[in-house]
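Fold and geometry: a report
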Amino acid sequence: MAEVYTLKVTYQGCENKIWREAQISSNAFLADVGYMVLATFDTLAYHVFSISYKDIVFELPNEDEEVPFEECLFCVKLGEIGVKVGDKLTMLYDFGCDQEFEIEIVNIETMPKGAGRSYPKIITGAGKGILDDIPAFETLEIINDTDKNGSSAYTYLTKYENEVIWDYRDYDLKVDNILLKGEIARIAEGYSAFEAYLDFE
C-alpha cells in the first residue's frame, strides 16, 4: 500500500530563510522528488542534480559514466530506499555552483484511499526560491541586505526571460501549489533527455 512521505526541504547556507514542507507518494521515483524540489524552489532546472542517502549517490544516467540501475534516479522509488522518520537525504543541484538541499523525512503515513492524485503538494514554506548560478552565500547576502533595507534591489532574469526584482519574502503557498504539477511536468520533460543513456543489459 502506498504511503505519504512528509519532507522538510531546506536550502542550505541561507540560515533557514528558504524552506518547504511537502508531501509526496512513496511510489514517486527519486527523479520525481528532485523535480518537485526544483519546481517549488523556482529554479530554471537546467543543471544536473543528484540525491544522496547514506552512502549511495543516486544520479541521472549520462554519457560519461555508467549509472547502475539501483543508483539511477529514474529507476528507484522513494519508498524503496528504506528511509525512516528523522532520516535525511541531500540533493545537490548544479555541480559547478553546489546548490544543496537537505531533505528530512518528518512523517510517514498510509495514503488515504483514492488520494494518489493529491500528491505531490506543498504544505507550508518560506522564501521565494533560489537563484540559479548564484551560490548560497551570495543569496544570503542579498537576503540580509533585503532585511536591512526593508526592500530588495536585486533583479534577475526569470525562466520567461523577463527581468524582475527578486525578494525572498515573496513566497505564495497557494500559487505554488496551483503551478506545482505543471512545473514538475515541464521539468520532467526537460530531464527526459537523459533517458537516452539508460542501459541495463
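Thresholds, definitions, all that
Throughout, a residue's number is its position along its own chain's written sequence, starting from 1. Selection of residues for local features in this predicted model requires a pLDDT of at least 70, selection of side-chain atom pairs for listing and counting requires 80 or more, and totals for whole chains, interfaces and linings are taken over all residues. Values shown for side chains rest on all heavy atoms present in the structure; no hydrogens or waters enter the calculation. What counts as a salt bridge is simple: a side-chain nitrogen of Lys or Arg found within 4 Å of a carboxyl oxygen of Asp or Glu. Here a helix means four or more residues in a row that DSSP labels H or I, a strand means two or more in a row labelled E, and each is numbered from the N terminus. The classification of residues rests on relative accessible area computed with a 1.4 Å probe and restricted to protein chains. Under 20% of the type maximum is buried, over 50% is exposed, and intermediate values are partly exposed. The patch calculation keeps residues exceeding 30% relative accessible area without a salt bridge and links them within 9 Å when they carry like charges or within 5 Å when they are nonpolar (Val, Leu, Ile, Met, Phe, Trp, Tyr). Exposure was quantified through the Shrake-Rupley algorithm and a 1.4 Å probe, taking into account, for residues, occlusion by the shown protein chains and nothing else. The axes are straight lines fitted to the C-alpha atoms, using for helices just the contacting stretch, and the angles between their N-to-C directions are given from 0 to 180°. Any angle between 65 and 115 degrees counts as roughly perpendicular, while under 35 counts as roughly parallel, over 145 as roughly antiparallel, and the rest as oblique. Handedness of each helix crossing follows the sense of rotation of the near helix against the far helix: counterclockwise by less than a right angle gives left-handed, clockwise gives right-handed. Contacts are assigned to residue pairs that have any heavy atoms within 4.5 Å of one another. Any residue outside Ala, Val, Leu, Ile, Met, Phe, Trp, Tyr, Cys, Pro, Asp, Glu, Lys and Arg is labelled polar, Gly included; the first ten of those are nonpolar and the last four are charged.

**Some points on the pattern of salt bridges**
Applying the stated criterion across every chain, the model contains 6 salt bridges. Between Arg20 and Asp176 there is a salt bridge, with its nearest N and O atoms 3.7 Å apart. Taken as a pair, Arg20 in strand β2 (residues 19–25) and Asp176 in helix α3 (residues 173–191) lie far apart in primary sequence, 156 residues in all. Note on Arg20: relative accessible area 1%, which makes it buried.

**Here's the deal with a nonpolar patch on the surface**
A surface patch of nonpolar side chains, about 280 Å² in accessible area, is lined by Val175, Ile178 and Leu179. Here Ile178 shows up in helix α3.

**Considerations on unusual backbone geometry**
Glycine aside, the phi torsion of most residues is negative, and most peptide linkages are trans. Between Tyr119 and Pro120 the backbone carries a cis peptide bond, its omega angle lying at 5°. By the secondary structure assignment, Pro120 is in the loop between β6 (99–110) and β7 (121–126). The phi angle at Glu15 is positive, at roughly 50°, despite the residue not being glycine. You can see Glu15 is positioned in the loop between β1 (3–11) and β2. In the Ramachandran plot, Lys54 falls in the positive-phi region, its phi being about 55° despite a non-glycine side chain. Take Lys54: it is sitting in the loop between β3 (49–53) and β4 (56–58).

**Here we look at the packing of helix α1 (residues 30–40) against α3**
For the pair α1 and α3, interaxial distance at closest approach is 8 Å and the crossing angle is 125°. With respect to α3, the axis of α1 lies oblique. As α1 runs across α3, the sense of the crossing is right-handed. Of the residues in α3, those in contact with Tyr35, Met36, Leu38, Ala39 and Thr40 of α1 are Asp176, Leu180, Glu183, Ile184, Ile187, Ala188 and Tyr191. Split by residue class, the contact of α1 with α3 holds 9 nonpolar, 1 polar and 2 charged.

Spatial relationships are all this shows, so hold off on functional conclusions.
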